[in-house]
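Here is what each chain is made of, one letter per residue.
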Number of protein chains: 2
Amino acid sequence: MAEEESVLGWNPFSRNCASRGLLNSIGDKWAILILASLADGALRFGELEEAVDGISQKMLAQRLGDMVADGLVTRAQFQEVPPRVEYELTDLGRSALPAVQGLIDWTVGHMSQVYETRQK
Amino acid sequence: MAEEESVLGWNPFSRNCASRGLLNSIGDKWAILILASLADGALRFGELEEAVDGISQKMLAQRLGDMVADGLVTRAQFQEVPPRVEYELTDLGRSALPAVQGLIDWTVGHMSQVYETRQK
DNA sequence: CGGAATCCTCCCAGATACTG
DNA sequence: CAGTATCTGGGAGGATTCCG
């Protein structure tokens, strides 16, 4: 370890780095839940609204828009009545699943432990 | 999959759930970087400030406080002149490393790909 | 050196209402 | 059904200053 400036060698989320916003996309609370919710297949807007408990329409639409722009999710719009829109993970989005799921699993698994400690 | 309400079965980050704030701790942008920076051993406050590029004193102190309260990090204060304080991962904090590192690795690995897509 | 306190700004995110 | 538009408050987070 010659460099002491950054333990990581470089900071992938630095404000000087183009990818800074990437953590706000992949690391975002809602994005993680949306990603995980889409793990088993495509979902409609309304289904996502129920799957991601507590999210507002605005946040859902906003995050979905970002994720589509980032190439993590595809948006398929069917010209029907009533309107129908389905969101599905891209290959890129699916490639992020293990990392995302790992974070969720850890959180679920150690939640109670953290919560106990936090009481003190 | 009988339940359609939540793809995860339940939402670990729901606002109705005690662990909602947990993602704001473990999923937080700065917390992730601090955690990863401490992977190789204890660091002083100033060293962390350099390791986590772009973080302000305020944010560093705030996040470290939260992480200590959550039992992810220990704080060791030495009565010397000049003062010295070292932060180190607890076993719990270390247990989160794989998940955290997985997220960082994915981000670093697919960053350029996302950035390209985002241009369009 | 390692913070805490203060101030200030701006963006996030919720609520609500409206549209195709 | 699947969104946008608008308004608004609260909090994240930066800069600066001061203290033990």
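Residues numbered from 1 in each chain as written. Chains lettered and ligands numbered in written order. Predicted model: local features only at pLDDT ≥ 70, side-chain atom pairs only at ≥ 80, totals over all residues. Heavy atoms only, no water.

(A) View of the protein's contact with DNA strand D. Surveying the vicinity of DNA strand D reveals 15 residues, the closest of which are R44, R75 and Y87 of chain A together with S56 and K58 of chain B. The protein-proximal atoms of DNA strand D, defined as those within 4 Å of the protein, are 56% sugar or phosphate. A distance of 3.0 Å is found between a base nitrogen of DNA strand D and a side-chain nitrogen or oxygen belonging to Q57 of chain A. Residue assignment for the surface near DNA strand D shows that the elements contributing at least two residues are α3 (45-51), α4 (57-69) and β3 (84-89) of chain A together with α4 (57-69) of chain B. When the residues that make up the surface near DNA strand D are grouped by side-chain class, the tally is eight nonpolar, three polar and four charged. (Near = heavy atom within 4 Å. Polar contact = N/O pair within 3.5 Å; in protein donor to acceptor, adjacent residues only side chain to side chain. Helix = DSSP H or I, 4+ residues; strand = E, 2+ residues; numbered from the N terminus. Nonpolar A, V, L, I, M, F, W, Y, C, P; charged D, E, K, R; others polar.)

(B) Molecular detail of unusual backbone geometry. With omega at 0°, the peptide bond leading from V81 of chain A into P82 of chain A counts as cis. If you trace the backbone, P82 of chain A turns up in the loop between β2 (73-78) and β3.

(C) A look at the pairing of strand β3 (residues 84-89) of chain B. All names here are of chain B. Burial of β3 is one-sided: the residues V85, Y87 and L89 facing one way are buried, the residues R84, E86 and E88 facing the other way are not. Pairing of strand β1 (residues 43-44) with β3 involves two bridges; the strand directions are antiparallel. The residue bridging L43 from the neighbouring strand is Y87, located in β3. One ladder, built from six bridges, connects strand β2 (residues 73-78) with β3; its direction is antiparallel. Bridge pairing in β3 places F78 opposite R84. Where β2 hands over to β3, the hairpin turn is made up of five residues, counted between the paired strands. (Buried < 20%, exposed > 50% of the residue type's maximum accessible area, 1.4 Å probe, protein only. Pairing = 2+ DSSP bridges.)

(D) Expanded view of the sheet that holds β2 of chain B. Read across the sheet, three strands follow the order β1-β3-β2 (chain B) without closing on themselves; strand pairing throughout is antiparallel. The open sheet terminates on both sides in strands that have one partner only, identified here as β1 and β2 of chain B.

(E) Broad picture of helix α6 (residues 97-119) of chain A. Residues and elements named next belong to chain A. The terminal C-alpha atoms of α6, which comprises 23 residues, lie 32 Å apart, in line with the 33 Å expected from a rise of 1.5 Å per residue. Of all the bends found along α6, the most pronounced is centred on H110 and spans about 55°. Taken together, the buried positions of α6 are L97, A99, V100, L103, I104, W106, T107, M111 and V114. (Expected span 1.5 Å × (residues − 1). Bend = angle between axes of the 7 residues up to and from the residue.)

(F) Just the confidence of the model for chain A, in detail. When pLDDT is averaged across chain A, the result is 82; 80% of the residues are at 70 or more. Low confidence marks residues 1-5 of chain A, where pLDDT is under 50. Its contacts with residues over four positions away, or in another chain, come to five contacts. (pLDDT = per-residue confidence, 0-100. Contact = heavy atoms within 4.5 Å.)

(G) Quick peek at the sheet that holds β2 of chain A. One open sheet accounts for three strands, arranged β1-β3-β2 (chain A); its pairing is antiparallel. Each edge of the sheet is formed by a strand with only one pairing partner; in this case those strands are β1 (43-44) and β2 of chain A.

(H) Fine view of the packing of aromatic side chains. With the rule as written, the count across this model stands at zero aromatic pairs over all chains. Stacked on the ring of F78 of chain A, the Lys or Arg R84 of chain A has its end atom at 4.2 Å from the ring centre. (Phe/Tyr/Trp six-rings, centres within 6.5 Å; stacked < 30°, edge-to-face > 60°. Lys NZ or Arg CZ within 6 Å of the ring centre and 35° of its normal.)

(I) Representation of the pattern of salt bridges. All names here are of chain A. Tallied over the full model, the rule gives twelve salt bridges over all chains. Measuring nitrogen to oxygen at the nearest pair gives 3.8 Å for the salt bridge that ties R84 to E86. Taken together, the shared-partner salt bridges connect D28, R63 and D66 into one network. (Salt bridge = Lys/Arg side-chain N within 4 Å of Asp/Glu carboxyl O.)

(J) Summary view of the side chain of T107 of chain A. Among the secondary structure elements, T107 of chain A is positioned in helix α6. Within the structure, T107 of chain A has its side chain in polar contact with the backbone oxygen of L103 of chain A (distance 2.8 Å).

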